[in-house]
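Architecture and fold: a report
These are the residues of each chain, in order.
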Amino acid sequence: MAITNKAKVNSLKGLELKELKAAVARLEKQLENLAMVRGAKALDVAGLQEERDALRLAVLTARSQDAASVRLRSTLQHIQLGNIALRRRVEAAEKRMIWSLDNEASFLFYKGRCAISLRRVLRGEKRAYRLALLAENGQLTPSTLNVELFSLSKDVTARKDPMELVGQSIRFCLRVVGAEDLPPQFCRHSFCKLSLLFDQDNHYFTTSTAEDTTSPRWNLVKQFELPHLSPEVISHFSTHRLFTFEVFGFST
């Protein structure tokens, strides 16, 4: 009797183990299926995220293009207005008149211009210039402008080759002394405008206004510095004009 019961117990244990193995196999299969489904969904999510990012980029691009279009229209309008103003100034210059905002001639004026480079300063020289003034059409006028240009360095010495300044800084002074022989009919008020060429910010300076004289004296003094000179800068400012002067004389 004991032997029979033991056989039944072994048989039951064998069945339970077989069923457990089958259950484990089913669970593993289900896990594999779930993993495959999860992987497919992950791919779907990645695709959706990619589409979302593409849509966001398209929206941002559209907004950027709209903003660029607005800026472009504004710039074009500004250029058109500038061209109109420039055309009016050219017409006024041809007639030697200044035009007021209501497009009517306001008064006559004289304008002469000249320019200088830094060649003498870079060579360590102190120079006084008597510069002939040219009209807008390039013709020489009887008027002249007196300016002085010199270095402010303590150890100023004349040098034959300005390339000796490579790597150094140079400080110099410009003095607009005055003008001579302005047209008598345009000397009621006069002043000089000093502009720096190659200046991205378009810096300029103006003298005081002289009255009732054909030989005004302004004595405008300005100091400048060029730091860490390179061969290109030295060569450029030795051959190209850095300062432009415009002398204005008015009849009223």
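Residues numbered from 1 in each chain as written. Predicted model: local features only at pLDDT ≥ 70, side-chain atom pairs only at ≥ 80, totals over all residues. Heavy atoms only, no water.

For the protein chain, an unreviewed UniProt entry supplies the name Kinesin, putative and the organism Leishmania guyanensis.

1. A short note on unusual backbone geometry
A positive phi angle, close to 60 degrees, is found at Asp181, a residue other than glycine. Relative to the elements of secondary structure, Asp181 occurs in the loop between β5 (170-180) and β6 (189-196). Although it is not a glycine, Asp212 adopts a positive phi angle of roughly 55 degrees. If you trace the backbone, Asp212 turns up in the loop between β8 (210-211) and β9 (217-226). (Helix = DSSP H or I, 4+ residues; strand = E, 2+ residues; numbered from the N terminus.)

2. Quick look at a nonpolar patch on the surface
A contiguous nonpolar patch, built from Leu72, Leu76 and Ile79 and spanning about 270 Å² of accessible area, is present on the exposed surface. Among the secondary structure elements, Leu76 is positioned in helix α1 (residues 2-94). Looking at Leu76, the relative accessible area reads 44%, which means it is partly exposed. (Patch = residues over 30% accessible without salt bridge, like charges linked within 9 Å, V, L, I, M, F, W, Y side chains within 5 Å. Areas by Shrake-Rupley, 256 points an atom, 1.4 Å probe, with all protein chains shown as cover. Salt bridge = Lys/Arg side-chain N within 4 Å of Asp/Glu carboxyl O. Buried < 20%, exposed > 50% of the residue type's maximum accessible area, 1.4 Å probe, protein only.)

3. A look at the packing of aromatic side chains
One pass over the structure, following the stated rule, counts eight aromatic pairs. Here Phe191 and Phe250 contribute two aromatic rings whose centre-to-centre distance is 6.0 Å and whose plane-to-plane angle is 20 degrees, an arrangement assigned as stacked. With Phe191 in strand β6 and Phe250 in strand β10 (residues 243-250), this pair connects stretches of sequence that are 59 residues apart. Residue Phe191 is classed as partly exposed on the basis of its relative accessible area, which comes to 21%. Assessed through its relative accessible area of 13%, Phe250 is described here as buried. Measuring from centroid to centroid gives 5.1 Å for Phe224 and Phe243, while their planes differ by 50 degrees, and the two rings are tilted. Here Phe224 is found in strand β9, whereas its partner Phe243 is found in strand β10, with 19 residues between them in sequence. (Phe/Tyr/Trp six-rings, centres within 6.5 Å; stacked < 30°, edge-to-face > 60°.)

4. Topic: the pattern of salt bridges
Pairs may arise between side chains of opposite charge once their charged atoms sit close together. Evaluated as defined, the whole model comprises 10 salt bridges. Among the salt bridges present, the one from Glu136 reaches Lys111, with a minimum N-O distance of 3.4 Å. Placement of Glu136 in the loop between β3 (127-134) and β4 (140-151) and of Lys111 in strand β2 (residues 105-116) is noted, with a sequence separation of 25 residues between them. Relative accessible area serves as the criterion here: at 46%, Glu136 is assigned to the partly exposed category. Two residues, Glu148 and Arg175, come together in a salt bridge whose shortest N-O distance is 3.4 Å. Taken as a pair, Glu148 in strand β4 and Arg175 in strand β5 lie far apart in primary sequence, 27 residues in all. For Glu148, a relative accessible area of 22% corresponds to the partly exposed category. Exposure remark for Arg175: the relative accessible area of 26% places this residue in the partly exposed category. Overlapping salt bridges, with partners in common, bring together Lys111, Arg113, Glu136 and Glu246 in one network.

5. Some thoughts on helix α3 (residues 231-239)
For α3, the full list of buried residues reads Ile234, Phe237 and Ser238. Summarising the axial view, the buried residues of α3 lie within an arc of 105 degrees, below the 170-degree limit, and thus occupy one face. Exposed side of α3, more than 90 degrees from the buried face: Glu232 and Thr239 are the residues found there. Looking at the packing, one finds that the buried side of α3 touches α2 (119-122) and β9. (Arc of directions from axis to C-beta. Contact = heavy atoms within 4.5 Å.)

6. Brief notes about the nonpolar core
Counting residues in each nonpolar core, the largest one holds 34 residues, and the members touching the most others are Leu118, Leu145, Phe243 and Phe245. Counting residues per element, this core draws most heavily on β5, which supplies five residues. Contact partners of Phe243, with chain neighbours within four places excluded, come to Cys114, Ala115, Ile116, Leu118, Leu149, Phe172, Leu174, Leu194, Ser195, Leu196 and Phe224. (Core = buried A, V, L, I, M, F, W, Y, C linked by side-chain atoms within 4.5 Å.)

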